[in-house]
Amino acid sequence: MITATSNHSFLTNMIVSEIGDSGSPPSCSIPVADRAIAASIETGLPTIKQSVDGEADAVAMCVPIYRSEEIASVIVWVGNAHDDTVGAMEIWQPIGEFDDLNLTQGYYGPLDRFQNVSSFVRFEKGMGLPGQVWRNLSFVIHDNLPSHPGFLRAAGASAESLQVAVGIPVCGEDFLAAAVLISSDSAPIARGYEVWRCVEDHLLLESRAYQRLEQSLMYEIDQTVPLEGSLPGLAYLSGVATISEDPDIVYSGRPFRGGSPCKGVAIPFFEQDRMTNILTLLL
């Protein structure tokens, strides 16, 4: 189990852990995260849990990473559950006889209006962020949410200063769910969000968004990085979600000069046993 602590005001920890032969990871010593992991292992689905009486105010979303229809690793986002921190976590699942996604779990903190809108929305395959995750079987990033044509809750995002949304596919034998993280201007979840496509002997940047990241560290679309010595390459070579604090890995190919935070996480997505794309977050 590997834990990274973020300096940002909504996200406080990210935890990644491989699932061994026992079928469960060791305790991470954060009760709300342990409960989220246990629920995801039991159900096979992403899970959101909040703190209970006697615990520090926190919320955790656990997302299982499947490979060959088995959970190979899990990743947990732990965030502040204070009324003055803005961010959202959502889980959208195909439920019932209609070909659409329903909100089954969500955390919105003080975002009452956005929560109300979200509770009534349904997404067909290919529509909105969750529907695009379902159709593409890929990580999906939406930036500039108030004006993004594909983010169907743009009006609510504008009212709540929400900026970046990241959709994460969860797929075993079939598509199970889309987990969504929504980051605000006031309390960014990460400084960088990048989706990499696995292409032969390298990785190709398909989409990205940045919050408070130095301009020189931003990649342009179609940037490539090698499998060896890069942050997405860690996930490609290991086959599981992983965290690094090595600047040569996290900022591979960028003019990193030190003195700023250096943590990165890489999350793979598999179609059966074939890795197709990787999400990296610069914390």
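Placed above this text is the structure.
This text gives an overview of the structure that appears in the document. Residue positions within a chain follow its written sequence, with the count starting from 1. pLDDT decides what is reported in this predicted model: residues at 70 or higher carry local features, side-chain atom pairs at 80 or more are listed and counted, and totals for whole chains, interfaces and linings draw on all residues regardless. Here the side-chain values reflect all heavy atoms present in the structure, with hydrogen atoms and water set aside.

## Some remarks on the overall build of the protein
We apply this condition: In this text, helices come from DSSP runs of H or I with a minimum length of four residues, and strands from runs of E with a minimum of two, each type numbered from the N-terminal end. Between the two quantities, the radius of gyration covers C-alpha atoms and the globule rule is 2.2 Å times the number of residues to the power 0.38. Two residues form a contact once any of their heavy atoms are found within 4.5 Å. Surface accessibility follows the Shrake-Rupley procedure with a 1.4 Å probe radius. Residue values consider only the protein chains on display as shielding. Just so you know, the count uses Lys and Arg for positive and Asp and Glu for negative, and it drops His and the chain ends. Positions of charges follow a simple convention, taking NZ of Lys, CZ of Arg, CG of Asp or CD of Glu.
Looking only at helices and strands, one finds six helices and 17 strands in the protein. The C-alpha radius of gyration of the protein comes to 17 Å, within 12% of the 19 Å expected for a compact globule of 283 residues. With the C-alpha coordinates of the protein rotated into their principal frame, the extents come out at 45 × 40 × 40 Å. Taking as baseline every contact in the protein between residues at least 6 positions apart, the subset at least 24 positions apart corresponds to 55%. Of the roughly 11,600 Å² that the protein leaves accessible, carbon and sulfur atoms contribute 46%. The positive charge centre, built from 16 side chains, and the negative charge centre, built from 35, are 5 Å apart in the protein.

## Considerations on the sheet that holds strand β17 (residues 274–282)
Applicable threshold: Strand pairing is defined by DSSP finding a minimum of two bridges between the two strands. Angles shown run from 0 to 180 degrees and are taken between the N-to-C directions of axes, each axis being a line fitted to C-alpha atoms and, for helices, limited to the stretch in contact.
The strand order across the open sheet formed by six strands is β14-β13-β12-β17-β16-β15, and the pairing between neighbours is antiparallel. Taken across any chain shown, the strands that pair with only one partner, and hence form the sheet edges, are β14 (224–226) and β15 (242–244). Adjacent strand axes in the sheet meet at a mean angle of 30°, parallel and antiparallel pairs treated alike. Note: strand β12 (residues 192–199) against strand β13 (residues 202–210), eight bridges, orientation antiparallel. Bridge pairing links glycine 192 to tyrosine 210 in β13. In the packing of helix α5 (residues 231–238) onto the sheet, the strands contacted are β12, β13, β14, β15, β16 (264–271) and β17, and the crossing angle to β17 comes to about 145°.

## So, the pairing of strand β11 (residues 175–184)
Under the convention used in this document: Exposure is judged per residue with a 1.4 Å probe applied to protein chains only, and the accessible area is read against the type maximum: over 50% gives exposed, under 20% gives buried, and values in between give partly exposed.
In terms of residue burial, β11 counts as a mostly covered element, since nine of its ten residues are buried. By the bridge criterion, six bridges tie strand β6 (residues 87–94) to β11 in an arrangement that is antiparallel. Bridged to alanine 88 within β11 is isoleucine 182.

## Digging into the pattern of salt bridges
Charged atoms that come close allow side chains of opposite charge to pair. Applicable threshold: Definition used for salt bridges: Asp or Glu carboxyl oxygen within 4 Å of a side-chain nitrogen of Lys or Arg.
All chains considered together, the criterion is met by five salt bridges. Note that glutamate 55 and arginine 35 form a salt bridge whose closest N and O atoms lie 2.8 Å from each other. In this pair, glutamate 55 sits in the loop between β3 (47–50) and β4 (58–67) while arginine 35 sits in helix α1 (residues 31–43), placing the two residues 20 residues apart along the sequence. Looking at glutamate 55, the relative accessible area reads 25%, which means it is partly exposed. With a shortest N-O distance of 3.0 Å, arginine 254 and glutamate 194 are connected by a salt bridge. With arginine 254 in the loop between α6 (247–250) and β16 and glutamate 194 in strand β12, this residue pair connects regions lying 60 residues apart in the sequence.

## Things to note about helix α3 (residues 128–136)
Within α3, seven of the nine residues are buried, which leaves it mostly tucked inside the rest of the structure. Every buried residue belonging to α3 is among Gly128, Leu129, Pro130, Gly131, Gln132, Val133 and Trp134, and all of these are buried. For α3, the elements touching its buried residues are β6, β7 (100–107), β8 (123–124), β9 (140–142), β10 (162–171) and β11. One or two positions beyond α3, positive phi appears at leucine 137, with a value near 50°.

## Re the pairing of β12
For β12, a buried count of six out of eight residues is recorded, marking the element as mostly surrounded by other parts of the structure. Adjacent in sequence and paired antiparallel, β12 and β13 are bridged by two residues, among which glutamate 200 carries a positive phi angle near 50°. As defined by bridge partners, β12 adjoins β17 across six bridges and the pair is classed as antiparallel. Within β17, the residue paired with glycine 192 across the bridge is leucine 282.

## Some thoughts on a negative patch on the surface
What counts is decided by this rule: Patch members must show over 30% relative accessible area and no salt bridge, and they are joined within 9 Å when carrying like charges or within 5 Å when they are nonpolar side chains of Val, Leu, Ile, Met, Phe, Trp or Tyr.
Together, Asp57, Asp83, Asp84 and Asp112 give the surface a local cluster of negative charge. Note that aspartate 112 resides in helix α2 (residues 112–120).

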